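The primary structure of each chain is shown beneath.
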Amino acid sequence: MKAIRTTSMAGVLCLTLLTSTLAMSCREESEITSIQGTQTDNHQNAKTRFINVKGNAFAYRVLGKDGGIPLVLLPGLGGSMDDWDPAVTDGLAKKYKVILFDNKGVAASKGVTPNTVQAMADDAIDFIEALNLNKINIMGFSMGGFVAQRVVLTKPALINKIILTGTGPQGAIGLSNLPNIIAGTAGLSPEASFLKFGFTESAASIAAGKASYARIQLRTTDRDLPLSDATSASQFTAVLSWSQANPNALTEIKNIKNPVLIVHGQNDLPVSVQNAQNMLQNLDHAELLVFPDSGHASFFQNHDAFVSRASEFLNK
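Residues numbered from 1 in each chain as written. Predicted model: local features only at pLDDT ≥ 70, side-chain atom pairs only at ≥ 80, totals over all residues. Heavy atoms only, no water.

### Focus: helix α1 (residues 86–93)
Next, step 1: Burial of α1 is extensive: seven of the eight residues sit out of reach of the surface.
Next, step 2: Every buried residue belonging to α1 is among Pro86, Ala87, Val88, Thr89, Gly91, Leu92 and Ala93, and all of these are buried.
Next, step 3: The distance from a side-chain oxygen at the start of α1 to the backbone nitrogen of Ala87 is 2.8 Å, and the residue carrying that oxygen is Asp85. (Buried < 20%, exposed > 50% of the residue type's maximum accessible area, 1.4 Å probe, protein only. Helix = DSSP H or I, 4+ residues; strand = E, 2+ residues; numbered from the N terminus. Polar contact = N/O pair within 3.5 Å; in protein donor to acceptor, adjacent residues only side chain to side chain.)

### What about the nonpolar core?
Next, step 1: Core analysis: the biggest nonpolar cluster contains 52 residues, and Phe127, Ile138 and Ile262 have the highest contact counts within it.
Next, step 2: Apart from the residues within four sequence positions on either side, Ile138 is in contact with Leu71, Val72, Leu74, Ala148, Val151, Val152, Ile159, Lys161, Ile162 and Ile163.
Next, step 3: In terms of nonpolar packing, the next biggest core, distinct from the first, is built from 38 residues, Ala57, Ala93, Phe291 and Ala297 among them. (Core = buried A, V, L, I, M, F, W, Y, C linked by side-chain atoms within 4.5 Å. Contact = heavy atoms within 4.5 Å.)

### Focus: the environment of Phe50
Next, step 1: Along the chain, Phe50 falls in strand β2 (residues 49–53).
Next, step 2: For the pair Phe50 and Ala108, spaced 58 residues apart in sequence, the C-alpha separation works out to 9.1 Å.

### Comments concerning the side chain of Ser243
Next, step 1: Tracing the backbone shows Ser243 in the loop between α7 (229–242) and α8 (249–252).
Next, step 2: A distance of 3.3 Å separates polar atoms of two side chains, one belonging to Ser243 and the other to Gln244.
Next, step 3: Once residues within four sequence positions are removed from consideration, Ser243 is found in contact with Gly171, Leu175 and Ser176.

Here it is in structure tokens:
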């Protein structure tokens, strides 16, 4: 069943999610813990845990209460656990177990970050299976949405439902212009770059973006590590490869039979909203929510509306 829903709030966060400016100390692998036990932590106080994934320590945090099908979040290009807006993560964690993690080589996780989306998806599957999870809901933002698509196509039995935000199929319209968009942020402050990528130029959108940016900076203890130059380069290579035209991309996503919620900003700069429309038309069980006057990460600016809609979708 396909449905398009539009709301009157606006959108946020950049494809090049800002990496954290505050670093945390690396932990020894002897501190690696499992996911067992009841979790009641929120975005600000959730402990960073580590688990061995094929010889590499992966960093992760668990928010919300134990029980039910957990929701695993995959961030965008340049993003780590501390680049999610707490209004979104804590909002979702009121009803669900939410798992944030750094994929291989990202931020506090060890290993070498691959330079293809498929390899990133394989690493994400390895992480999920290392936690002994046999069924999850998955949410991907931007590059994380590319990875989420490949996770579902690679291991469909592992996935229950999918939320795709600010993303598109392989060969996504507008994505090949990413180098020029990034060049246009040269000399901007971190906050200004965040606003340019994720928001529109309206006063309402800018105000919402500044509020989101401030929320993201609130966690000051046990903050995630910045991404290395090598990891950033590998991710950028993977995204540029994904941006290349693929005439079979929309045909391939027809193999996704899970329920999908697609969320997009009407004015998304790096990933045109047309990508969301194209995915809707090629997925059997998809719903589309478009936020007017919203940019790349509309779900940050419109966090209350997004959390409400995502919860409704997951509860069906």
